[in-house]
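Residues per chain are reported as follows:
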Amino acid sequence: MKIKRLLFISSFILFYANGFSQSETEPKNNSIEFSTGYTSGALKNLEFAPVSRYDYHGLSYGLKYERTSKNQNLFEIQLDYLNTELKTDAIPQLNSNYSKIGLGFSYLKQIYNKEAFTIHFGLQSQTTGSLYRGNYYIVDQEFGIAGRFTYRLNQRQYLTSKLSIPLVLMRLRGDFGLDAYTLNRYQSAVWNLEYGYTLSNHFDVNLSYDFKYNRLQIPNAFGELQHQINLGINYKF
């Protein structure tokens with residue numbers, strides 16, 4: 001049922017974009033993107049439950065704003081939401097609801113531009129709130145670096161890849177209080193690969209893949225691995 005819903009939303013996005021495409025040629029410096037996708041992942045959180053691995057999958061939703069400055073630097077705001085269920089075969093009684101909302105900010109400076117290839121590099125901030133069954137929650141605040149690579153295949157098609165690496169994590173966990181971790185205790189990476197097609201000067205559609213990995217070395221271990229495939233529509237103005 002979730003796959004059929006995703007296909008319906010994807011078809012609606014494509015028809016909507018084609019119906020409202022325009023022929024203006026003036027470059028646009030702002031864009032708003034709505035995306036929806038299918039997410040699957042694996043989670044271990046021994047503070048929450050003595051289960052070595054939970055699995056989950058479901059639909060996720062994203063909203064992103066991007067602004068390009070006169071110097072071709074990028075400012076991005078990204079909002080993501082996922083609501084699903086953690087499942088395990090080991091102790092099915094410990095299955096739990098799981099929802100996650102994330103808010104990211106990044107400022108990327110253009111450091112290379114030659115013909116169809118550009119590179120941006122800068123700072124990334126990510127706030128993520130996770131809610132489990134009952135009142136157990138985790139709030140993560142990450143600060144790190146990010147790089148973005150863009151290659152334009154032709155006038156209408158392009159590829160974009162972005163890699164974010166957090167360097168510092170501040171974590172608030174239920175009744176455990178606030179803790180801070182650096183690379184020696186916390187390892188994480190978020191990688192995005194996107195194919196985009198320009199319909200007009202106002203609309204793009206894109207298909208993207210996201211990979212997320214988190215590992216926190218604490219007495220009660222925490223780790224998460226997530227894959228996500230998204231289809232989005234991008235309005236430029």
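Each value, and the rule that gives it
Residues numbered from 1 in each chain as written. Predicted model: local features only at pLDDT ≥ 70, side-chain atom pairs only at ≥ 80, totals over all residues. Heavy atoms only, no water. Core = buried A, V, L, I, M, F, W, Y, C linked by side-chain atoms within 4.5 Å. Buried < 20%, exposed > 50% of the residue type's maximum accessible area, 1.4 Å probe, protein only. Helix = DSSP H or I, 4+ residues; strand = E, 2+ residues; numbered from the N terminus. Polar contact = N/O pair within 3.5 Å; in protein donor to acceptor, adjacent residues only side chain to side chain. Contact = heavy atoms within 4.5 Å. Pairing = 2+ DSSP bridges. Phe/Tyr/Trp six-rings, centres within 6.5 Å; stacked < 30°, edge-to-face > 60°.

A.B. asks: Sorry if this is basic, but what is going on with the nonpolar core here?
C.D. replies: The tendency in soluble globular proteins is for nonpolar side chains to be buried as a group. Within the largest apolar cluster, 18 residues are counted, with the highest numbers of intra-cluster contacts made by Leu43, Tyr54, Leu86, Tyr132 and Leu216. Of all elements in the fold, only strand 2 (54-68) and strand 3 (74-86) reach the threshold of two or more residues within this core.

A.B. asks: Would you take a moment to explain the side chain of glutamine 228 for this structure?
C.D. replies: Within the secondary structure layout, glutamine 228 lies in strand 11 (residues 222-236). Given a relative accessible area of 7%, glutamine 228 falls into the buried group. Among the polar contacts made by the side chain of glutamine 228, one reaches the side chain of threonine 39 at a distance of 3.1 Å. One polar contact links glutamine 228 to asparagine 230, side chain to side chain, over a distance of 3.0 Å. Setting aside residues no more than four positions away along its own chain, glutamine 228 makes contact with Tyr38, Thr39, Ser60, Ser208, Tyr209 and Asp210.

A.B. asks: Just checking my understanding: could you explain the environment of tyrosine 195 for this structure?
C.D. replies: Turning to its location among the elements, tyrosine 195 is positioned in strand 9 (residues 186-198). Given a relative accessible area of 30%, tyrosine 195 falls into the partly exposed group. Each C-alpha atom of the pair tyrosine 195 and tyrosine 209 lies 9.1 Å from the other, and the pair is 14 residues apart in sequence. Every residue in contact with tyrosine 195, bar those within four places of it in the chain, is listed here: Leu153, Gln157, Tyr158, Leu159, Val205, Asn206 and Leu207. For tyrosine 195, the side chain forms a polar contact with the side chain of glutamine 157, separated by 2.5 Å.

A.B. asks: How do you make sense of unusual backbone geometry when you look at a structure like this?
C.D. replies: The phi angle of most residues is negative, glycine excepted, and most peptide bonds adopt the trans form. Unusually for a residue other than glycine, glutamine 72 sits at a positive phi of about 70°. Take glutamine 72: it is sitting in the loop between strand 2 and strand 3. Unusually for a residue other than glycine, glutamate 115 sits at a positive phi of about 55°. Note on placement: glutamate 115 falls in the loop between strand 4 (96-114) and strand 5 (117-131). Taking the relative accessible area as the measure of exposure, glutamate 115 reaches 78% and is therefore exposed.

A.B. asks: So what exactly am I meant to see when it comes to the pairing of strand 4 here?
C.D. replies: For a regular strand, side chains alternate in direction, first toward one face of the sheet and then toward the other. Judged from the 13 bridges that link them, strand 3 and strand 4 form a sheet pairing that is antiparallel. From the neighbouring strand, threonine 84 faces strand 4, where its bridge partner is tyrosine 98. In this sheet, strand 5 lies alongside strand 4 in antiparallel orientation, the contact comprising 15 bridges. Note on strand 5: the bridge partner recorded for phenylalanine 105 is serine 125.

A.B. asks: How do you make sense of the packing of aromatic side chains when you look at a structure like this?
C.D. replies: How two aromatic rings sit relative to each other is set out by the distance from centre to centre and by the angle between their planes. All chains considered together, the criterion is met by 10 aromatic pairs. Plain terms: the ring middles of phenylalanine 48 and tyrosine 132 are 4.7 Å apart, the flat faces sit at 40° to each other, and that makes the pair tilted. One end of the pair, phenylalanine 48, is in the loop between strand 1 (30-45) and strand 2; the other, tyrosine 132, is in the loop between strand 5 and strand 6 (137-152), with 84 residues separating them in the sequence. Accessibility expressed as a relative area gives 15% for phenylalanine 48, which makes it buried. An aromatic cluster of three or more residues is present, and its members are Phe48, Tyr54, Tyr56, Tyr98, Tyr132 and Tyr136.

A.B. asks: Just to check I follow, could you spell out the pairing of strand 11 for this structure?
C.D. replies: Here strand 11 lies mainly inside the structure; 11 of its 15 residues are buried. Here strand 10 (residues 203-216) runs beside strand 11; their pairing, made up of 14 bridges, is antiparallel. When the sheet's bridge partners are listed, asparagine 206 is paired in strand 11 with glycine 232.

A.B. asks: Just to check I follow, could you spell out the side chain of serine 35 for this structure?
C.D. replies: Secondary-structure assignment places serine 35 in strand 1. Apart from the residues within four sequence positions on either side, serine 35 is in contact with Ser60, Tyr61, Gly62, Asn230, Leu231 and Gly232.

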